[in-house]
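Coordinate inspection notes
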Amino acid sequence: MFKLICGLGNSDTENIKALVKLYAKAGAWMFDVSPFALHALNEAIKEVNLNPSDYKFCVSIPIEGDIHGRKAKILHNKCFKCGKCIKKCPQNAINYFEISADKCIGCGICKKVCSNGAIKMFDKTDYFDELKRKLKTDLKLDCVELHASVGSKNLVLKKLKKICKKYKGEISLCISRKYFSTQDALEIIDKATEITKYNKAFYIQADGNSMNGANTELTSTIECAAFALALKEAGVDEKKIILSGGVNEYTPKLCKELSLSPLAIAFGTYARKAVANHDHQKAFNIAKNLVNCTLEDCQC
């Protein structure tokens, strides 16, 4: 299956709706947004007269300290207005040396390219509160994903329990091997399986080279594929595994080479950038080709 990640930090309503409409028509299966953008996801499907039941709607929640919950800010007293950050931002979130909080996904690329230390990253901490508010509405929501890109197993499991007390639908746990060894990940999955036993379904998102600005090289996607393969070989059902982080056109091909048939591949910045700055028909053709290649090559 093809999962589109609109960006946990992305609250740009028009951008999200345009992406959802495009990839829904192209055959995507699941859409991942922040709880602040769930309304835009629901509206997008209705506006193009598609059946919401044909798709999975997912919202992502970061643990405190997770890179996906960050935002960037320019310190103007240090900014030399060189423009490097504007050129490198994958979200086009920087205009006139101001960063749009709605568009920023916290990737930190602007901070990396700044030679003057003029970019500061900070945590946005109200995602869970917004999720609780959304759960009281009638908005369609099929899955809640918890991002576990932190170094504390106890913190991950504590947050997961907190979510499961409020929500009994499908749960996805995004685990990064940058912070957890395969053995640690397996221990987390084992305990998380018990925690989510009363939920409708439980998925594991194997996070590889996350937040890399849509790197188009084969090396970008090796980590998530290797992580997923290690989980499969350790006994995790591959049909519960979703690949993410560094995903690009090579990911489905690599899955085919490894005889890996995951539940889905989650495309983020790569899929968003691929269709940017094209007319509608060209963008649709690109999206359709990406979805079809994913379904054909890795049989997911």
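Worth saying up front: this structure is predicted, and the values here are computed from it rather than measured.

1. Considerations on the nonpolar core
Residues Phe 2, Tyr 23, Phe 31, Val 144, Leu 173, Ile 175 and Leu 243 are the most contacted members of the largest nonpolar core, which totals 74 residues. Counting residues per element, this core draws most heavily on helix H1 (residues 13-26), which supplies seven residues. Apart from the residues lying within four places of it in its own chain, the contact partners of Ile 175 are Phe 180, Ala 185, Ile 188, Ile 189, Ile 204, Gln 205, Ala 206, Asp 207 and Phe 227. Among the nonpolar cores identified, the runner-up in size contains 15 residues, and Ile 74, Ile 99, Cys 104 and Ile 119 belong to it.

2. As for the sheet that holds strand S10 (residues 202-207)
With parallel pairing, eight strands are arranged side by side around a closed barrel as S1-S2-S3-S8-S9-S10-S11-S12. Across this sheet, the average inter-strand angle for adjacent strands is 25 degrees, counted without regard to direction. Across six bridges, the pairing between strand S9 (residues 170-176) and S10 is parallel. Looking across to S10, one finds that Leu 173 is bridged to Ile 204.

3. Quick notes on helix H7 (residues 182-195)
Between the first and last C-alpha of H7 there are 20 Å, a value that for 14 residues agrees with the 20 Å anticipated at 1.5 Å per step. Among the residues of H7, those classed as buried are Ala 185, Ile 188, Ile 189, Ala 192 and Ile 195. For H7, the buried positions fall inside an angular range of 115 degrees around the axis, keeping them on one side.

4. Quick word on the pairing of S10
For S10, a buried count of six out of six residues is recorded, marking the element as mostly surrounded by other parts of the structure. Side chains of S10 alternate between two faces, with Phe 202, Ile 204 and Ala 206 and Tyr 203, Gln 205 and Asp 207 buried alike. You can see the chain leave S9, run along H7 and come back into S10, and the turn it takes is right-handed. One ladder, built from four bridges, connects S10 with strand S11 (residues 241-244); its direction is parallel. Counted as the bridge partner of Ala 206 is Leu 243 from S11.

5. A few points about a nonpolar patch on the surface
A contiguous nonpolar surface patch, about 240 Å² in accessible area, is contributed by Leu 218, Ile 222 and Tyr 250. Secondary-structure assignment places Tyr 250 in helix H9 (residues 250-257). Looking at Tyr 250, the relative accessible area reads 31%, which means it is partly exposed.

6. Remarks on the environment of Lys 166
By the secondary structure assignment, Lys 166 is in helix H6 (residues 153-166). With 56 residues separating them along the chain, Lys 166 and Cys 110 place their C-alpha atoms 36 Å apart. Ignoring any residue separated from it by four or fewer positions in sequence, one finds Lys 166 in contact with Phe 128, Lys 132 and Leu 135.

7. Let's talk about the pattern of salt bridges
Enumeration over the complete set of coordinates arrives at 17 salt bridges. Between Glu 170 and Lys 56 there is a salt bridge, with its nearest N and O atoms 2.5 Å apart. Taken together, the residues Glu 170 in strand S9 and Lys 56 in strand S3 (residues 56-62) connect sequence positions 114 residues apart. For the pair Glu 170 and Lys 56, a shared accessibility class is recorded, and that class is buried. Measuring nitrogen to oxygen at the nearest pair gives 3.3 Å for the salt bridge that ties Lys 159 to Glu 64. Of this pair, Lys 159 sits in helix H6 while Glu 64 sits in the loop between S3 and strand S4 (70-74), placing them 95 residues apart in sequence. Note on Lys 159: relative accessible area 9%, which makes it buried. Where salt bridges share partners, they join Lys 17, Lys 21, Glu 43 and Glu 47 into one cluster.

How each quantity is defined
Residues numbered from 1 in each chain as written. Predicted model: local features only at pLDDT ≥ 70, side-chain atom pairs only at ≥ 80, totals over all residues. Heavy atoms only, no water. Core = buried A, V, L, I, M, F, W, Y, C linked by side-chain atoms within 4.5 Å. Buried < 20%, exposed > 50% of the residue type's maximum accessible area, 1.4 Å probe, protein only. Helix = DSSP H or I, 4+ residues; strand = E, 2+ residues; numbered from the N terminus. Contact = heavy atoms within 4.5 Å. Pairing = 2+ DSSP bridges. Axes fitted to C-alpha atoms, helices over the stretch in contact; angles between N-to-C directions. Expected span 1.5 Å × (residues − 1). Arc of directions from axis to C-beta. Right-handed = clockwise from strand over helix to strand, strands pointing away. Patch = residues over 30% accessible without salt bridge, like charges linked within 9 Å, V, L, I, M, F, W, Y side chains within 5 Å. Areas by Shrake-Rupley, 256 points an atom, 1.4 Å probe, with all protein chains shown as cover. Salt bridge = Lys/Arg side-chain N within 4 Å of Asp/Glu carboxyl O.

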